[in-house]
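Observations on chain architecture
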Amino acid sequence: MTIKINPQQSRKINALIRQLCCNCVNGNCLLLDDGEEHNCVQLISKYGVYCNYFKNAVLPADKELFADVMKTCNEKHCRICGKVFIPKSKNQRYCTE
Ligand SMILES: [Zn+2]
């Protein structure tokens, strides 16, 4: 399942990568380096989190952003009123109201 991000989160994520990701050199990813340089997958992804290394090792370093991204990814729309809510269990389909 892809973790979706909004443009605001994408901007913060890119800043975080350049600051913290030890595989990111000048926007290129060392993990993808096979003799040729490859752009960091995450830096060019504006709508989702696609790098597992980033997700597991870099993103959690920024607790606020991490919580924010995870919150967005867990959000559901109520089947009845359409309101966005965070389900407390996997099967919850309606907001508490
Ligand atoms: Zn509802």
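As the structure is a computational prediction, the values presented were derived from the model and not from experiment.

1. Digging into the coordination of the zinc ion
For the zinc ion, the protein coordination sphere consists of Cys78 (SG), Cys81 (SG) and Cys95 (SG), at 2.3 Å. Motif for the zinc ion, donor spacing along one chain: C-x2-C-x13-C. According to the relative accessible area criterion, Cys81 is partly exposed, its value standing at 47%.

2. So, a nonpolar patch on the surface
Nonpolar side chains collect at one region of the surface, where Leu31, Leu32, Val41 and Tyr50 lie side by side and expose about 360 Å² of accessible area between them. By the element assignment, Leu31 lies in the loop between strand S3 (28-29) and strand S4 (48-49). A relative accessible area of 53% places Leu31 in the exposed class.

Reading guide: rules and limits
Residues numbered from 1 in each chain as written. Predicted model: local features only at pLDDT ≥ 70, side-chain atom pairs only at ≥ 80, totals over all residues. Heavy atoms only, no water. Donors = N, O, S within 2.8 Å, 3.2 Å for Na, K, Ca; no water. Buried < 20%, exposed > 50% of the residue type's maximum accessible area, 1.4 Å probe, protein only. Patch = residues over 30% accessible without salt bridge, like charges linked within 9 Å, V, L, I, M, F, W, Y side chains within 5 Å. Areas by Shrake-Rupley, 256 points an atom, 1.4 Å probe, with all protein chains shown as cover. Salt bridge = Lys/Arg side-chain N within 4 Å of Asp/Glu carboxyl O. Helix = DSSP H or I, 4+ residues; strand = E, 2+ residues; numbered from the N terminus.

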